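Chain by chain, the residues:
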Amino acid sequence: MNATTTAAAKPAAKESVTLTDNQNNKAVNLPLLPGTLGPKVVDVRKLYAETGMFTYDPGYTSTGSCESKITFIDGDEGVLLHRGYPIEELAEKSNFMEVCYLLLYGELPTEAQKAKFEEGVTRHTMLHEQMHQIFRGFRRDAHPMAVMCGVVGAMSAFYHDSTDITDPRQREIASYRLIAKVPTIAAMAFKYSIGQPFVYPRNDLSYAENFLHMTFAVPCETYKMNPVLAKAMDRIFILHADHEQNASTSTVRLAGSSGANPFACIAAGIACLWGPAHGGANEAVLAMLKQIGSKDRIPEIVKRARDPKDDFRLMGFGHRVYKNYDPRAKVMQKTCYEVLNELGMTNNPLLETAMELERVALQDDYFIQKKLYPNVDFYSGIILQAMGFPTSMFTAIFALARTVGWIAQWKEMIEDPAQKIGRPRQLYTGATKRPYVPIARRA
Ligand code: CMC
């Protein structure tokens, strides 16, 4: 089968790609869809109907699964835009609540819109008191991601008045509930693991401050908020808020495409994010840096990462889409310095190892050829550890921040009139049809 691009013959005609099946002497014209940014997309929706063939793309490296207006990534140039706004500018000038509004509604809010939105979200920060029993059912040493996955899924058993996905108001309330309650759930997962009492949310604090308070405050002392750390927390939330059709977002969309309720869909996203190739990488980076121990061991580690016979990978390096420096990693690096400076920890040995590892890897032929650069997870673990979070909370914080992105993408999908249940096909390579063999006659 050959594919050729035919430019429009007449000005009005749309561009298309012609796919030729040489064996059967058949040709099919597939429309080329232009986006506002990024490469054109071959529309294969009619391919099966017209040719009886499927496409084959494990890992979806060449497949666009949906149309979206939320986030754009140019992986070659290292660009990330939310609703058109560069991530660097949002991280510098905006705040997480504003970014949430932007992702959900498409535009930056006016002051009145922002105040109304913040009030709407803040009203939902408390968790149904009966949900405390669910926490107590977990073992003390449960991973916070296991707790988050279970408790967020269980929200569908508590908030029945926001599970009708056909009602726009219920969808909105579910969105607000999820954004408002994930910090409460994440902080409770942490408190439970260390045996401290749960700390209730405080609606007079900002989103990031409230999370820090619920995580680190104890009833017997006054918690003193550090504005530098609160700002860093807010920025970490912004940097993780959305990232186009990554594995967990696609999981949320796929779960939602069957009509599942939003709480169940977000629980599915949390489950997917947990993996070390995705959100779990921030935890893995810190483990790796600790394992490296000192700068002298870096050449040995880089050698292992290059070795095709060794499945070891440099965690926090490489990305499916970015073939350049992840723009989030640059902001994260800057935030890392700010936090360590504030805490008087600039001679942090992990930071020194990380910086040297980055320097060596970026000069290494293997990493240059394969375009492997630090990603968002490379520096985030160092910041979070310095702020006092245990490694097991790192991915939970990622999930907390990504909830708004998942919700925005889920909402966009539900509101798309062309939405259908997601149902990929396959290349079947198993046994062909054969008769059942009675057990006595099996070899
Ligand atoms: N260290 C060493 N080699 C690597 C690395 C790495 N971190 N990442 C990719 N490679 C090599 C890989 O071995 C392969 O080599 P070859 O072509 O010889 O087989 C080539 O680069 C392409 O890798 P791939 O696995 O086919 O690429 P992918 O797009 O499927 O994987 C990735 C992307 C992020 C899973 C991968 O780069 C990786 O495992 N990185 C480490 C984990 C990590 O940091 N994940 C966080 C991603 S960013 C946060 C998020 O989105 O959740």
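Residues numbered from 1 in each chain as written. Predicted model: local features only at pLDDT ≥ 70, side-chain atom pairs only at ≥ 80, totals over all residues. Heavy atoms only, no water.

(A) Representation of the overall build of the protein. When you go through the protein residue by residue, the secondary structure sums to 18 helices and seven strands. Its C-alpha atoms give the protein a radius of gyration of 24 Å, within 12% of the compact-globule value 22 Å for 443 residues. Considering only C-alpha atoms, the protein reaches an extent of 80 × 70 × 60 Å along its principal axes. Residues counted as buried form 46% of the 443 residues belonging to the protein. Within the protein, residue pairs in contact and separated by at least 24 positions form 68% of the contacts whose partners lie at least 6 positions apart. Put simply, the protein shows about 23100 Å² of open surface, and 53% of that area lies on carbon and sulfur atoms. Separation of charge centres in the protein, based on 50 positive and 47 negative side chains, amounts to 7 Å. (Helix = DSSP H or I, 4+ residues; strand = E, 2+ residues; numbered from the N terminus. Rg over C-alpha atoms; globule rule 2.2 N^0.38 Å. Buried < 20%, exposed > 50% of the residue type's maximum accessible area, 1.4 Å probe, protein only. Contact = heavy atoms within 4.5 Å. Areas by Shrake-Rupley, 256 points an atom, 1.4 Å probe, with all protein chains shown as cover. Lys, Arg positive; Asp, Glu negative; His and termini not counted. Charge placed at Lys NZ, Arg CZ, Asp CG, Glu CD.)

(B) Examining the site of the ligand more closely. Near the ligand there are 21 residues, and of these H278, R313, L314, G316 and R320 occur at the shortest range. G279 places a polar main-chain atom, nitrogen or oxygen, 3.5 Å from an oxygen atom of the ligand. R313 is positioned with one of its side-chain polar atoms (N or O) 2.9 Å from an oxygen atom of the ligand. Grouping the constituent residues of the shell around the ligand by class yields eleven nonpolar, six polar and four charged. (Near = heavy atom within 4 Å. Polar contact = N/O pair within 3.5 Å; in protein donor to acceptor, adjacent residues only side chain to side chain. Nonpolar A, V, L, I, M, F, W, Y, C, P; charged D, E, K, R; others polar.)

(C) Up close: the packing of aromatic side chains. Applying the stated rule across the entire model yields 19 aromatic pairs. A centroid spacing of 5.8 Å and a plane angle of 80° characterise the contact between Y207 and F237, whose relative ring orientation is edge-to-face. A residue pair is termed long-range when its members are at least 10 positions apart, and Y207 in helix α8 (residues 207-216) and F237 in helix α9 (residues 227-240) qualify at 30 residues. Neither residue differs from the other here; Y207 and F237 are each classed as buried. Following the ring pairs from residue to residue traces out a cluster consisting of F96, F190, Y207, F211, F216, F237 and F389. The residue whose ring lies beneath R140 is Y192, and the NZ or CZ to ring-centre distance is 4.4 Å. (Phe/Tyr/Trp six-rings, centres within 6.5 Å; stacked < 30°, edge-to-face > 60°. Lys NZ or Arg CZ within 6 Å of the ring centre and 35° of its normal.)

(D) Representation of the packing of helix α6 (residues 144-154) against helix α7 (residues 168-194) in the model. Between α6 and α7, the shortest axis-to-axis distance is 9 Å and the interhelical angle comes to 140°. Our classification of the angle between α6 and α7 gives oblique. The handedness of the crossing between α6 and α7 is right-handed. Within the contact between the two elements, α6 uses P144, V147, M148, V151 and V152 and α7 uses L178, V182, I185, A186 and A189. Looking at the contact of α6 with α7 residue by residue, the classes come out as ten nonpolar, no polar and no charged. (Axes fitted to C-alpha atoms, helices over the stretch in contact; angles between N-to-C directions. Parallel < 35°, antiparallel > 145°, perpendicular 65-115°, else oblique. Left-handed = near helix turned anticlockwise from the far one by under 90°.)

(E) Looking closely at α7. Across its 27 residues, α7 extends 40 Å between first and last C-alpha, which sits within 8% of the 39 Å expected from 1.5 Å per residue. When the local axis directions of α7 are compared, the greatest deviation, roughly 35°, occurs at K181, which is followed within four positions by the proline P183. Here α7 lies mainly inside the structure; 22 of its 27 residues are buried. The N-capping residue of α7, defined by a side-chain oxygen 2.9 Å from the backbone nitrogen of R169, is D167. Phi turns positive one or two residues past the end of α7, at G195, with a value near 75°. (Expected span 1.5 Å × (residues − 1). Bend = angle between axes of the 7 residues up to and from the residue.)

(F) Representation of unusual backbone geometry. At E244, a residue that is not glycine, the phi angle is positive and equals roughly 60°. Checked against the element boundaries, E244 lands in the loop between α9 and α10 (247-257). On the accessibility criterion, E244 (24% relative accessible area) is partly exposed.

(G) Expanded view of the sheet that holds strand β5 (residues 71-74). Across the sheet, three strands lie side by side as β5-β6-β7; this open sheet has antiparallel pairing. Every interior strand has two partners, whereas the edge strands, β5 and β7 (85-86), have only one. Looking at chain direction, β5 and strand β6 (residues 79-82) are connected through four bridges and run antiparallel. Bridge pairing in β6 places F72 opposite L81. (Pairing = 2+ DSSP bridges.)

(H) How the structure looks around empty space enclosed by the protein. Going through the model one piece at a time under the given rule, you end up with one cavity of 30 Å³ or more. Approximately 50 Å³ is the volume attributed to the largest cavity. Together, M126, L127, H132, T184, M188, F198, V199, Y200 and P201 line the largest cavity. When its residues are assigned to classes, the lining of the largest cavity shows seven nonpolar, two polar and no charged. (1 Å grid on protein atoms, 1.4 Å probe; cavity = no way out; pocket = protein on both sides within 12 Å on 5 of 7 lines; lining within 4 Å. Points joined across faces, edges and corners; volume = space filled by probe spheres on them.)

Geometric descriptors of this kind do not, in isolation, establish any biological role.
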